[in-house]
Protein chains: 2
Amino acid sequence: MISEQYKNMLKGKSIIRELAEFAAARGEEIGYENVFDYSLGNPSVPVPKEFTKTMMDLLTSKSPAELHGYSPSLGIPSVRKKIAQSLNRRFHMNYTENHIFMTSGAAGAIAHAVRCVTQPGDEVLTFAPFFPEYHPYIDITDAVLKVVPPNSEDFQVNFSLFEEMLTEKVSAVLINSPNNPSGVIYSTATIQKLSDLLRKKEQEYGHEIFIISDEPYREIVFEGVEAPYVSNYYDNTLSCYSYSKSLSLPGERIGYIAVNPACIDSDLIVSMCGQISRGIGHNCPPSIIQLAVSEVVDLTSDMSVYETNMNLIYNKLVELGITCVKPGGTFYIFPNALEEDAKVFCQKALKYDLILVPGDSFGCPGYFRMAYCIDTEKVERSLPALEKFIKSEYKI
Amino acid sequence: MISEQYKNMLKGKSIIRELAEFAAARGEEIGYENVFDYSLGNPSVPVPKEFTKTMMDLLTSKSPAELHGYSPSLGIPSVRKKIAQSLNRRFHMNYTENHIFMTSGAAGAIAHAVRCVTQPGDEVLTFAPFFPEYHPYIDITDAVLKVVPPNSEDFQVNFSLFEEMLTEKVSAVLINSPNNPSGVIYSTATIQKLSDLLRKKEQEYGHEIFIISDEPYREIVFEGVEAPYVSNYYDNTLSCYSYSKSLSLPGERIGYIAVNPACIDSDLIVSMCGQISRGIGHNCPPSIIQLAVSEVVDLTSDMSVYETNMNLIYNKLVELGITCVKPGGTFYIFPNALEEDAKVFCQKALKYDLILVPGDSFGCPGYFRMAYCIDTEKVERSLPALEKFIKSEYKI
């Protein structure tokens, strides 16, 4: 019989996807270059040339049967080793290949991590604003996602509400810094305080509480901003990484889980990930993409455009009297809407061909998200539309 | 808390993988060319040159941001359309892109299909001998896998036992023809009889019974053998395909589900697959591999070597007095062992550097599997070892 569970999931269609579809349709009418589409987090800058060169080299020089052959379900050992070494160099860790599990991006990493460190009925806490896809990742497991309301002053952690919600039932805390949608990076003080609190509660409850650290934007950090590496502060950490943003490869579905060597049962957790992949039939990311990524493991795309765009937008928002926490990284900004219902606000913006995403699905009604991974030239052209929208609709 | 469910899965380590590891270790000692490794189903022939050429063209001519950008979660529409058209040409079907869902091989396809067409507690029937990975695919869903004992005469369906087990609780039947491990192809008569029985039971029970048709070996069919396309005989069919074997791309994780347009809720099932992928964080196969495969959708690798190998091995087995159903396709053969416990039989074979897999995990104790996707030259060199093994150990 047709599954009711997955049928019901169809009702929760993504508002972001809907807006992106609207933008595409409007583009058909007036030319997509005239639609100021801030809906989707699809990187606008190309992958480094070295990646493409490596792909070509693999295709021309390696025997096809070997190149396209099965990868072990944990990932290709040489690839996992290179990733471990890169992390060790950059973050003073001591990973080996046995702590790295190859995934289909951060999405696959989070979905696996949650399965590894929860039992049926366990709670996973996350902090608003949060990436709405956490719901499908966790809702189809036997764990329960609970959302800690935002600290709207600076989008760091709301510790008083967090401590209230951090009951014995919590087995994992899912954090995302640099954050989608706010662009905010958790400070060292925040990570330190969070770690101290979790250690205290682990003692009190007599069981581990894991941090699942969602880090696809780890390499997109703006000038002068500090971005602490979570595993440096907390042992029971599973870092979930994706090359989607740093190498502009979202369609190739590649990332990893790095389990802190100091985490309890770290080797076991990596092996369990392999069993989960086996069960869902995913097995592992594509061999050729694993091999190519491993050759550019210390590179990123040229992502300077994102900071340029952020400054242009942030300054215009401030000029227009819109309050907004200044992003420390990513390619998102998450300002206050000028009316209580951000859905109405974003609906009105469509008249000016501005595609903005209401904050409701991120757990923050009254805010909106702009994904500024677009050409700077288009950002510049969008600013007069933004000004016209605000001045006409809100008489500011 | 660490998941007991996935921890327990670690106990069920694959015997095939263990034997492959043994073969690799023995290869270190005596040279891998001297190990007659019949353990793994890893294709030995290269991908068609046209695939590699298309990959190179995509890398050189397409804008990287576009090439490596997000694919819709159901797969790239143009790719799904080309697959639908190819199936229509070859099997006289009427698929559109809306009936095709892109997966990470047949593994991902089966795991998704089972989730789509079962409710908690529903039974899925399969027929021995069967691919042992069906267990992990189904055991982590809320459905239950039950295995119909073999028809050991010809490895077609054991209809009397099947009808007994086909109770009201069964919502899907999982078949695999051409079959791993037996190499047997279900005849038109078998598919027809199976379909008639299922239609009768659907009427009787008042609910659908779906066929999940696992078809990764669909293109490896030997001369003079007929291989019926299941959807031509039964409406409620989900075909699970992989390019792993036909294009020799097992590491690139690409395949699809083709839902029969006549299947109940066919469009809905495809959309549900997208929700499942979203939940497990897999999303979709890599964009570049989707695009490249769609350009070679009517091609296969040159797989004639598999039939050559089969004939060499089959004739030698018969000559040695080993009984065996002659394969109609695949690159597997599944003979009777010469003693009751095939594990002991395969253990003894190791002395002769012959790596054979006992049939127990395929649901057929007393048999063994040989995967002859290796060079013919090596098959030829293995035959004296096989003869020596049988004659020395069994005094035949």
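Note that this is a predicted model, so its numbers are computed, not measured.

Draft legend 1. Spatial organisation of the environment of Ala111(B). Among the structural elements, Ala111(B) can be located in helix 6 (residues 105-116). According to the relative accessible area criterion, Ala111(B) is buried, its value standing at 1%. Expressed as a C-alpha distance, the spacing of Ala111(B) and Ile140(B), which sit 29 residues apart in the sequence, is 9.3 Å. Among residues more than four places away in sequence, those in contact with Ala111(B) are Gly279(A), Ile280(A) and Gly281(A).

Draft legend 2. Fine view of the UniProt feature "domain: Aminotransferase class I/classII large" (unreviewed entry) in chain A. Taken from the UniProt record, the annotation "domain: Aminotransferase class I/classII large" (unreviewed entry) applies to residues 37-383 of chain A. In residues 37-383 of chain A, helix accounts for 37% and strand for 14%; the two terminal C-alpha atoms are 12 Å from one another.

Draft legend 3. Quick look at the domain arrangement of chain A. Residue and element names in this part refer to chain A. Here chain A is described as being made up of domain 1 (4-47 + 302-394) and domain 2 (50-294). Computed from C-alpha coordinates alone, the two centres of domain 1 and domain 2 are separated by 26 Å. The interface of domain 1 with domain 2 comprises 29 residues on the first partner and 36 residues on the second. At the boundary of domain 1 with domain 2, total buried surface from both sides reaches about 2,600 Å², with 69% on carbon and sulfur atoms. Our count for the domain 1 to domain 2 interface comes out at 0 salt bridges. Here domain 1 and domain 2 share 10 residue pairs in polar contact (both at pLDDT 80 or more) between them.

Draft legend 4. Representation of the relation of the copies chain B and chain A. The transform that puts chain B on chain A rotates by 180° and translates by 0.0 Å along the axis, for an RMSD of 0.0 Å. Such a combination of turn and shift is consistent with a two-fold rotation axis. Nearest to the rotation axis, the C-alpha of Met56(B) is located 3.2 Å from it, this being the minimum over chain B. Both copies contact each other with a shared surface, as 100% of the interface residues of chain B are interface residues in chain A too.

Draft legend 5. Just the sheet that holds strand 2 (residues 100-103) of chain A, in detail. Residue and element names in this part refer to chain A. One open sheet holds the 7 strands; their spatial order is 2-8-7-6-5-3-4, and the pairing between them is mixed. Two strands bound the open sheet, and with one partner strand each, they are strand 2 and strand 4 (144-148). When the angles between neighbouring strand axes are averaged without regard to direction, this sheet yields 20°. In this sheet, strand 5 (residues 170-176) lies alongside strand 3 (residues 123-127) in parallel orientation, the contact comprising 4 bridges. Paired with Thr-126 across the bridge in strand 5 is Leu-174. Sheet contacts for helix 9 (residues 188-205): strand 3, strand 5 and strand 6 (210-214); angle to strand 5, the most-contacted strand, approximately 175°.

Draft legend 6. Fine view of the interface of chain B and chain A. Contacts between the two partners involve 73 residues from chain B and, on the opposite side, 73 residues from chain A. Carbon and sulfur atoms make up 62% of the area that chain B and chain A hide from each other, which totals about 6,300 Å². There are 2 salt bridges connecting chain B and chain A. Measuring nitrogen to oxygen at the nearest pair gives 2.7 Å for the salt bridge that ties Arg278(A) to Glu133(B). Connecting chain B to chain A are 29 residue pairs in polar contact (both at pLDDT 80 or more). Those elements that provide at least two residues to the side of chain B that touches chain A are helix 1 (4-9), helix 3 (49-61), helix 4 (64-67), helix 6, helix 7 (134-139), helix 10 (266-280) and helix 11 (287-294) of chain B. Looking at the side of chain B that touches chain A element by element, the count peaks at 9 residues for helix 10 of chain B. Looking at the side of chain B that touches chain A residue by residue, the classes come out as 37 nonpolar, 25 polar and 11 charged.

Draft legend 7. The sheet that holds strand 2 (residues 100-103) of chain B, seen in detail. Residue and element names in this part refer to chain B. Strand order in the open sheet formed by 7 strands is 2-8-7-6-5-3-4, and the pairing between neighbours is mixed. Edge positions in the sheet fall to strand 2 and strand 4 (144-148), since each of these pairs with one other strand and no more. Sheet twist, expressed as the average angle between the axes of neighbouring strands with direction ignored, equals 20°. In terms of strand pairing, strand 7 (residues 237-242) meets strand 8 (residues 255-259) through 5 bridges, oriented antiparallel. For Ser-242, the partnering residue across the bridge sits in strand 8 and is Gly-255.

Draft legend 8. Main features of the side chain of Gln156(B). Residue and element names in this part refer to chain B. Position of Gln-156 relative to the elements: it lies in the loop between strand 4 and helix 8 (159-165). A polar contact is formed between the side chain of Gln-156 and the backbone nitrogen of Ser-187, at a distance of 3.0 Å. At 2.5 Å, the side chain of Gln-156 forms a polar contact with the side chain of Thr-190. Discounting residues that sit within four places of it in the chain, Gln-156 has contacts with Asn-151, Val-184, Ile-185, Tyr-186, Ser-187 and Thr-190.

Draft legend 9. Up close: helix 3 (residues 49-61) of chain A. Counted at 1.5 Å a residue, the expected span for helix 3 of chain A with its 13 residues is 18 Å, and the 18 Å between its end C-alpha atoms agrees. Taken residue by residue, helix 3 of chain A has Phe51(A), Thr52(A), Thr54(A), Met55(A), Met56(A), Leu58(A) and Leu59(A) as its buried positions. Tucked into the core, helix 3 of chain A has its buried residues touching helix 4 (64-67) and helix 11 (287-294) of chain A together with helix 3 and helix 11 of chain B.

Draft legend 10. Representation of the environment of Glu50(B). Mapped onto the elements, Glu50(B) comes out in helix 3. With residues up to four places along the chain from it excluded, the contact list for Glu50(B) reads Val296(B) and Leu299(B).

Draft legend 11. Molecular detail of the pairing of strand 5 (residues 170-176) of chain B. Residue and element names in this part refer to chain B. Of all 7 residues in strand 5, 7 are buried, a share of seventy percent or more. Relative to strand 6 (residues 210-214), strand 5 runs parallel, the two sharing 5 bridges. For Ile-175, the partnering residue across the bridge sits in strand 6 and is Ser-213. Handedness of the crossover joining strand 5 and strand 6 through helix 9 (residues 188-205): right-handed.

Draft legend 12. Quick look at the nonpolar core. Grouped together as the largest cluster of nonpolar side chains are 99 residues, with contacts concentrated most on Leu238(A), Ile269(A), Leu238(B) and Ile269(B). Setting aside its immediate chain neighbours within four residues, Leu238(B) contacts Ala113(B), Val117(B), Phe210(B), Ile211(B), Ile212(B), Ser213(B), Ile257(B), Ala258(B), Val259(B), Cys263(B) and Ile269(B). Residues Tyr229(A), Met55(B), Ile83(B) and Ile100(B) belong to the second largest nonpolar core, which totals 64 residues.

Draft legend 13. Highlighting the packing of helix 3 of chain A against helix 11 of chain A. All names here are of chain A. Two elements in contact, helix 3 and helix 11, have axes separated by 9 Å at closest approach and are oriented at 130°. As judged from the angle between their axes, helix 3 and helix 11 are oblique. You can see that helix 3 and helix 11 cross each other, and the crossing is right-handed. Of helix 11, the residues touching helix 3 (which contributes Phe-51, Thr-54, Met-55, Leu-58 and Leu-59) are Ile-288, Ile-289, Leu-291, Ala-292 and Val-293.

Draft legend 14. Region of the structure containing unusual backbone geometry. Cis geometry is found at the peptide bond from Ser177(A) to Pro178(A), where omega equals -5°. Within the secondary structure, Pro178(A) is located in the loop between strand 5 and helix 9. Residues other than glycine seldom take positive phi values, yet His92(A) does so here, at roughly 55°. Within the secondary structure layout, His92(A) lies in the loop between helix 5 (77-91) and strand 2. By relative accessible area, which is 70% here, His92(A) ends up exposed. Residue Ser248(B) is not a glycine yet carries a positive backbone phi of 55°.

Draft legend 15. Local environment of the pattern of salt bridges. The final tally for this structure, using the stated rule, is 46 salt bridges over all chains. With a shortest N-O distance of 2.9 Å, Lys351(A) and Glu393(A) are connected by a salt bridge. Of the two residues, Lys351(A) sits in the loop between helix 13 (342-349) and strand 10 (354-355) while Glu393(A) sits in helix 14 (residues 376-394), which places them 42 residues apart along the sequence. Among the ionic pairs, Glu319(B) bridges to Lys316(B), the shortest N-O distance being 3.2 Å.

What counts, and at which threshold
- Residues numbered from 1 in each chain as written.
- Chains lettered and ligands numbered in written order.
- Predicted model: local features only at pLDDT ≥ 70, side-chain atom pairs only at ≥ 80, totals over all residues.
- Heavy atoms only, no water.
- Helix = DSSP H or I, 4+ residues; strand = E, 2+ residues; numbered from the N terminus.
- Buried < 20%, exposed > 50% of the residue type's maximum accessible area, 1.4 Å probe, protein only.
- Contact = heavy atoms within 4.5 Å.
- UniProt positions renumbered as here; feature names shortened; annotations may be inferred.
- Domains from an automatic or database assignment.
- Buried area = accessible area lost by both parts, 1.4 Å probe.
- Salt bridge = Lys/Arg side-chain N within 4 Å of Asp/Glu carboxyl O.
- Polar contact = N/O pair within 3.5 Å; in protein donor to acceptor, adjacent residues only side chain to side chain.
- Least-squares fit on C-alpha atoms with pLDDT ≥ 70 in both.
- Pairing = 2+ DSSP bridges.
- Axes fitted to C-alpha atoms, helices over the stretch in contact; angles between N-to-C directions.
- Nonpolar A, V, L, I, M, F, W, Y, C, P; charged D, E, K, R; others polar.
- Expected span 1.5 Å × (residues − 1).
- Right-handed = clockwise from strand over helix to strand, strands pointing away.
- Core = buried A, V, L, I, M, F, W, Y, C linked by side-chain atoms within 4.5 Å.
- Parallel < 35°, antiparallel > 145°, perpendicular 65-115°, else oblique.
- Left-handed = near helix turned anticlockwise from the far one by under 90°.

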